[in-house]
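Here is how the chains run, residue by residue.
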Amino acid sequence: MRPWEQDPILAVDRLSMRFGGLVAVSDVSFRVGRGQVTAVIGPNGAGKTTVFNCITGFYKPSAGRLALSHGAAPSPSELDALTRTGRAAARTRKGGVFLLERLPDHKVASAARVGRTFQNIRLFSGMTVLENLLVAQHMGLTETGLLSPAALLNLPSWRRREAAAVERAKTWLERIHLIHRADDPAGDLPYGDQRRLEIARAMCAQPVLLCLDEPAAGLNPRESAALNELLLSIRDADATSVLLIEHDMSVVMGISDHVVVLEYGRKIADGTPEEVRTDPRVIAAYLGVEEDAVEAIEAEVGV
Amino acid sequence: MDIFLQQLINGLTLGSIYGLIAIGYTMVFGIIGMVNFAHGDVFMVGTFTALIAFLLLTTLLGITSIFLVLAIVLVVAMAFTGLVSWAIERVAYRPLRGSFRLAPMISAIGMSILLSNFVQVAQGPRNKALPPILPDVIVVWDSGSYAVTLAYKQILIMVVTAVLLFAFWWLVQKTALGRAQRACEQDRKMAALLGVDVDRTISLTFVIGAALAAVAGVLYLTYYGVVNFADGFVPGVKAFTAAVLGGIGSLPGAVLGGLLIGLIETFWSAYFSIEYKDVAAFSILAITLVFMPQGLLGRPEVEKV
């Protein structure tokens, strides 16, 4: 059994997404390994971002199941039992299971603890760098998502919690080398810094699964190498699983443990970076040739 | 000079009331991009609630301390008006949030008509009056022919407004709730993905806006002493003008706009003609929209290409 199948943090089963007559994603299943970096790749329009949007609650899928587990993955029979009850979440012996397609979007973030970034930068550009990181800890700071009574009275318990939130934000600012810009508006940062700040903000919500949509887009090679390092440290030091969409093959091949390839909304390959790199269907998809012409191409490029 | 000083005092008093109402317009616009046309009538409901509460407290319960009465009236009006506004948002706006842009706006106009008509039927169409509250004045400056006065209730209005604006500023700038609110204002979807409950934050925005309008209602009632069902409209539209003048979406802009509209109105009445004071105030709306659509303190819309 492959490592990502032994203990998947996220099990995507037969996911489909239709927009009117357009089928953006059709019957896609894959596993995201716990504590691994998983990359979703594919040509433009393959449905990568749609899969992401379904996982993070942006879209409600037309069909399919997205089971995220805390602790350890449930057995297939446990999962089916939960699916039949119609509930969105359940406690298991090992932790908890969340059926993401049934959760409202803010619950995907706050209860299932899935974080994400976007292709385009979506920082709160008018707020300061520090405030951006504190918003991500909103649920941890307020019991009800509103104003905590402890906050109004400025009780010691509240001050402790707020200090902890600021402390976590500072730790992250140090990790991404932006501590000196903490009180500047986020929109004033250079592009590469904004990218890293987005990742830090997502991490401040303490996700178990971090979904990154093209984190290396627009980065120069040096920034891209720093990103690789950051993502590996997230995987290793923060015990957060990472799922990413990426076009930059140096990032994909450099840090992924597992690669899933989509084309025209279907999964065409799934394996380690080496396996995927040499898969004829993947080469065909990327080079845009028919499958029977692949052998000739392979011979030509020497794989 | 003496008339000028007197009008300045009057203008700032009136402007405080407009500013408090304008915050509700600007906050709601900031967070969901909609002009809440029912907000003026929410203010009127707040004024009526204050009137009823005031009469109940003074005649039925016989409380004589005016400050105690005003404090209770303030709390009751804020709570009840907040509840009304929460219910309006829940019933008439939230279900339309995914709909086309005009839908909640039309719904808001409907809610405005509903509120004023309900109050007209329930409370009668005539002016409701209150015995004068805090009638004393302080003579600030006496030139012999003209005495500049500052009424106790004007002091009350300015002090209450200042205290509330400070509390409100603290709420928005320093608390987790305010942070969530500002985040929703900038990018609702992203805020949701970070775990902020956007629907609840929007509800609370409506409640806070309505509570401030209720405070304005209490102050309006102490100042003028009368209210009728149609009184939501003109102050409401003037507060909206104030929000646009200050830059819609900007909180300090709403306050600044409110004070300016109050001053323009009183100075116009004093130096030109009292009949045309509303014409003056609303001309400002047209002039602002034509020449400075982003208002005094608003951020200009930058279109990225």
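Computed from a predicted model, the values in this text were never measured in an experiment.

In summary, the side chains of a regular strand alternate between the two faces of the sheet. All names here are of chain A. In terms of residue burial, strand S3 (residues 37-41) counts as a mostly covered element, since five of its five residues are buried. For S3 and strand S9 (residues 241-245), the ladder comprises four bridges, and the chain directions are parallel. Bridge pairing in S9 links Val 37 to Val 242. Both S3 and strand S10 (residues 258-263) contribute to a ladder of four bridges, which runs parallel. Note that in S10 the partner of Ala 39 across the bridge is Val 259.

The next subject is the state of the cysteines. All names here are of chain A. Applying the stated criterion across every chain yields a total of zero disulfides over all chains. No disulfide involves Cys 54; its sulfur sits 12 Å from the nearest other cysteine sulfur, which is in Cys 211. The thiol of Cys 204 is not disulfide-bonded; the next cysteine sulfur, from Cys 211, is found 17 Å away.

The UniProt record annotates "transmembrane region" (unreviewed entry) at residues 12-35, 42-60, 66-88, 100-122, 151-172, 202-223, 243-267 and 279-297 of chain B. Between the C-alpha atoms that bound residues 202-223 of chain B the distance is 31 Å, and the span itself is 100% helix and 0% strand.

Residue and element names in this part refer to chain A. Positive phi, normally seen in glycine, also occurs at Arg 14, with a value near 50°. Positionally, Arg 14 belongs in strand S1 (residues 8-19). Backbone geometry places His 177, a non-glycine residue, at a positive phi of 60°. Following the sequence through the fold, His 177 ends up in the loop between helix H8 (156-175) and helix H9 (191-204).

Let us look at the pairing of S1 of chain A. All names here are of chain A. Within S1, nine of the twelve residues are buried, leaving the element largely enclosed by the surrounding structure. Taking the residues that link successive antiparallel strands as the turn, the S1-strand S2 (residues 22-33) hairpin has two residues, and the phi of Gly 20 there is positive, at about 60°. Pairing of S1 with strand S4 (residues 63-70) involves five bridges; the strand directions are antiparallel. Note on S4: the bridge partner recorded for Ala 11 is Ala 67.

Here we come to the packing of helix H2 (residues 39-60) of chain B against helix H4 (residues 102-123) of chain B. Residues and elements named next belong to chain B. Look at H2 against H4: their axes get within 9 Å of each other, and the N-to-C directions meet at 25°. In terms of axis orientation, H2 runs roughly parallel to H4. Relative to H4, H2 is oriented so that their crossing is left-handed. Counted together, Asp 41, Val 42, Met 44, Val 45, Phe 48 and Ile 52 of H2 and Ser 112, Leu 115, Ser 116, Val 119 and Gln 123 of H4 form the full contact between these two elements. Split by residue class, the contact of H2 with H4 holds seven nonpolar, three polar and one charged.

All right, on to the sheet that holds S3 of chain A then. All names here are of chain A. The strand order S7-S8-S9-S3-S10-S11 describes an open sheet built from six strands, whose pairing is mixed. With one partner strand each, in any of the chains shown, strand S7 (114-117) and strand S11 (266-271) form the two edges of the open sheet. Across the sheet, the axes of successive neighbouring strands diverge by a mean angle of 15°, strand direction being ignored. With five bridges joining them, S10 and S11 adopt antiparallel strand pairing. Residue pairing in the sheet places Leu 262 in a bridge with Lys 267 of S11. Lying on the sheet, helix H2 (residues 48-55) is in contact with S3, S7, strand S8 (209-213), S9 and S10; it crosses S9 at an angle near 145°. Strands S7 and S8 of the sheet are contacted by H9, whose axis makes an angle of about 155° with S8.

All names here are of chain B. Between H2 and helix H3 (residues 66-93), the least distance of the axes is 8 Å, while the angle of their chain directions is 140°. Between H2 and H3, the interaxial angle falls into the category oblique. In the crossing of H2 with H3, the sense of the turn from one axis to the other is right-handed. Packed against H2, whose contacting residues are Val 42, Val 45, Gly 46, Thr 49, Ala 50, Ala 53, Phe 54, Leu 57 and Thr 58, the element H3 presents Ile 66, Val 69, Leu 70, Ile 72, Val 73, Val 76, Ala 77, Phe 80, Thr 81, Val 84, Ser 85 and Ile 88 at the interface.

Listed by partner, the interface residues are 30 residues for chain A and 24 residues for chain B. For the interface between chain A and chain B, the tally reads two salt bridges. When the shortest N-O distance is used, the salt bridge between Glu 131 of chain A and Arg 182 of chain B registers 2.9 Å. For the side of chain A that touches chain B, the secondary structure elements donating two or more residues are helix H4 (105-110), S7, helix H5 (129-135), helix H6 (138-141) and H8 of chain A. Ranked by residues supplied to the side of chain A that touches chain B, first place goes to H4 of chain A with four residues. Each residue belonging to the side of chain A that touches chain B can be placed in one class, and the counts come to 15 nonpolar, nine polar and six charged.

Turning our eyes to something else, we now look at the sheet that holds S2 of chain A. Residues and elements named next belong to chain A. Ordered in space as S2-S1-S4-S6-S5, the five strands form an open sheet in which the pairing is antiparallel. In the strand order of this sheet, the two ends are held by S2 and strand S5 (89-91), each with one partner. Adjacent strand axes in the sheet meet at a mean angle of 15°, parallel and antiparallel pairs treated alike. This element, H2, spans S1, S2 and S4 of the sheet and lies at about 115° to S1. Contacts from helix H3 (residues 76-85) reach S4, S5 and strand S6 (96-99), with the element oriented near 50° to S6.

Reading the values: the criteria
- Residues numbered from 1 in each chain as written.
- Chains lettered and ligands numbered in written order.
- Predicted model: local features only at pLDDT ≥ 70, side-chain atom pairs only at ≥ 80, totals over all residues.
- Heavy atoms only, no water.
- Buried < 20%, exposed > 50% of the residue type's maximum accessible area, 1.4 Å probe, protein only.
- Helix = DSSP H or I, 4+ residues; strand = E, 2+ residues; numbered from the N terminus.
- Pairing = 2+ DSSP bridges.
- Disulfide = S-S within 2.5 Å.
- UniProt positions renumbered as here; feature names shortened; annotations may be inferred.
- Axes fitted to C-alpha atoms, helices over the stretch in contact; angles between N-to-C directions.
- Parallel < 35°, antiparallel > 145°, perpendicular 65-115°, else oblique.
- Left-handed = near helix turned anticlockwise from the far one by under 90°.
- Contact = heavy atoms within 4.5 Å.
- Nonpolar A, V, L, I, M, F, W, Y, C, P; charged D, E, K, R; others polar.
- Salt bridge = Lys/Arg side-chain N within 4 Å of Asp/Glu carboxyl O.

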